[in-house]
Amino acid sequence: MTGVPASAAGGSSGARRTAAGAASAPAQEAPGAVTGHAAVPAAESAAPGAGGREALVREDAVSGGADAPGDDKPARAKLTAAAVNQASVWNIANLLTMLRLILVPAFVALMLADGGYDPAWRSLAWAAFAIAMITDLFDGHLARTYNLVTDFGKIADPIADKAIMGAALICLSALGDLPWWVTGVILGRELGVTLLRFLVIRYGVIPASRGGKLKTLTQGIAVGMYVLALTGWLATLRWWVMAAAVVLTVVTGLDYVKQAIVLRRRGIAARKAALEEKEA
């Protein structure tokens, strides 16, 4: 009579008993789950290769954000941040920048309507210009405060700034309200500083100075006063405000040139020192 090994017989019957015991045992909730929600099977949560991490994430989402042991919070935070960054092009700061870009052709159309000398159209053009300048104050602040800085914003924001200011200056000079040399000085400075920033960006970033911010504010006020059809003492006042804007434009432009030279020298010296240290 052929005998059956005891180990084999015991193994099969033991397996059946184990399976029966597992089937009759009550399900237990996974550690960290909130009572009242579906429990995560222990085998699934313990085996990342079988979808354990995904199960924990789903359970955490159902339980309202409860933390489960073994959950990779830094990884999840990075994934969430990456998803936000991918969708952040349409944030409020960028939308304000886009609005300012759209206002440029609208401003030009209003400024030149009916020959460009109608007080009503000039008032509407001033309103478009004022909205554009106000959005310039808020979009950068919102982007820095709420971490909404994007590559689009870095490129579009300075373009929108210079586009609205350049359009206003060119329209005023074309209508004979502002000398062309004033437009040339202001636009030349803006384009020169922008080019200078790109030339020295390998060595560092030239920070915006208080003088530069004062220059921008003074330019906005002066150009806005010229856009309006002012007469009398207000017309005289706007001349002095524009004169102050031109002076600030030149002074801050020279200051940027000085900062660029210093930044470049420091960058070259730092690179030279690093190379000497590496060779030593």
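One can find the structure itself at the top, above this paragraph.
Residues numbered from 1 in each chain as written. Predicted model: local features only at pLDDT ≥ 70, side-chain atom pairs only at ≥ 80, totals over all residues. Heavy atoms only, no water.

**Section: the side chain of Ser-209**
Phase 1 of the analysis: For Ser-209, the location among the structural elements is in the loop between α8 (180-199) and α9 (210-227).
Phase 2 of the analysis: Judged by relative accessible area, Ser-209 falls into the buried class, the value being 19%.
Phase 3 of the analysis: Excluding residues within four positions of it along the chain, Ser-209 makes contact with Asp-255 and Tyr-256. (Helix = DSSP H or I, 4+ residues; strand = E, 2+ residues; numbered from the N terminus. Buried < 20%, exposed > 50% of the residue type's maximum accessible area, 1.4 Å probe, protein only. Contact = heavy atoms within 4.5 Å.)

**Focus: the packing of aromatic side chains**
Phase 1 of the analysis: Evaluated as defined, the whole model comprises 2 aromatic pairs.
Phase 2 of the analysis: Ring geometry for Trp-239 against Trp-240: centres 4.9 Å apart, planes inclined by 85°, an arrangement best described as edge-to-face.
Phase 3 of the analysis: We note Arg-238 situated over the ring of Tyr-226; from NZ or CZ to the ring centre the distance is 4.5 Å. (Phe/Tyr/Trp six-rings, centres within 6.5 Å; stacked < 30°, edge-to-face > 60°. Lys NZ or Arg CZ within 6 Å of the ring centre and 35° of its normal.)

**Description of the packing of α9 against helix α10 (residues 233-279)**
Phase 1 of the analysis: Relative to each other, α9 and α10 sit at 150°, their axes nearing to 8 Å. Of the possible angle classes, the one that applies to α9 and α10 is roughly antiparallel. In terms of crossing hand, the pair formed by α9 and α10 is left-handed. Contacts from Gly-211, Gly-212, Leu-214, Lys-215, Thr-218, Gln-219, Ile-221, Ala-222, Val-223, Met-225 and Tyr-226 of α9 reach α10 at Leu-234, Leu-237, Arg-238, Trp-239, Val-241, Met-242, Ala-244, Ala-245, Leu-248, Thr-249 and Thr-252.
Phase 2 of the analysis: For the contact of α9 with α10, the class distribution of residues is 14 nonpolar, 6 polar and 2 charged. (Axes fitted to C-alpha atoms, helices over the stretch in contact; angles between N-to-C directions. Parallel < 35°, antiparallel > 145°, perpendicular 65-115°, else oblique. Left-handed = near helix turned anticlockwise from the far one by under 90°. Nonpolar A, V, L, I, M, F, W, Y, C, P; charged D, E, K, R; others polar.)

**Thoughts on the nonpolar core**
Phase 1 of the analysis: Ranked by internal contacts, the top residues of the largest apolar core, which has 30 residues, are Phe-107, Met-111, Phe-129, Val-223 and Met-242.
Phase 2 of the analysis: Of all elements in the fold, only α5 (92-112), α6 (119-145), α7 (151-174), α8, α9 and α10 reach the threshold of two or more residues within this core.
Phase 3 of the analysis: The dominant element in this core, judged by the number of residues it contributes, is α7, at 7 residues.
Phase 4 of the analysis: Among all residues touching Phe-107, those that are not within four sequence positions of it are Ala-125, Ala-128, Phe-129, Ile-164, Ala-167, Ala-168 and Val-227.
Phase 5 of the analysis: The next biggest cluster of nonpolar side chains, apart from the first, holds 7 residues, and it includes Leu-196, Val-200, Ile-206 and Ala-260. (Core = buried A, V, L, I, M, F, W, Y, C linked by side-chain atoms within 4.5 Å.)

On their own, these measurements won't tell you what the molecule is for.
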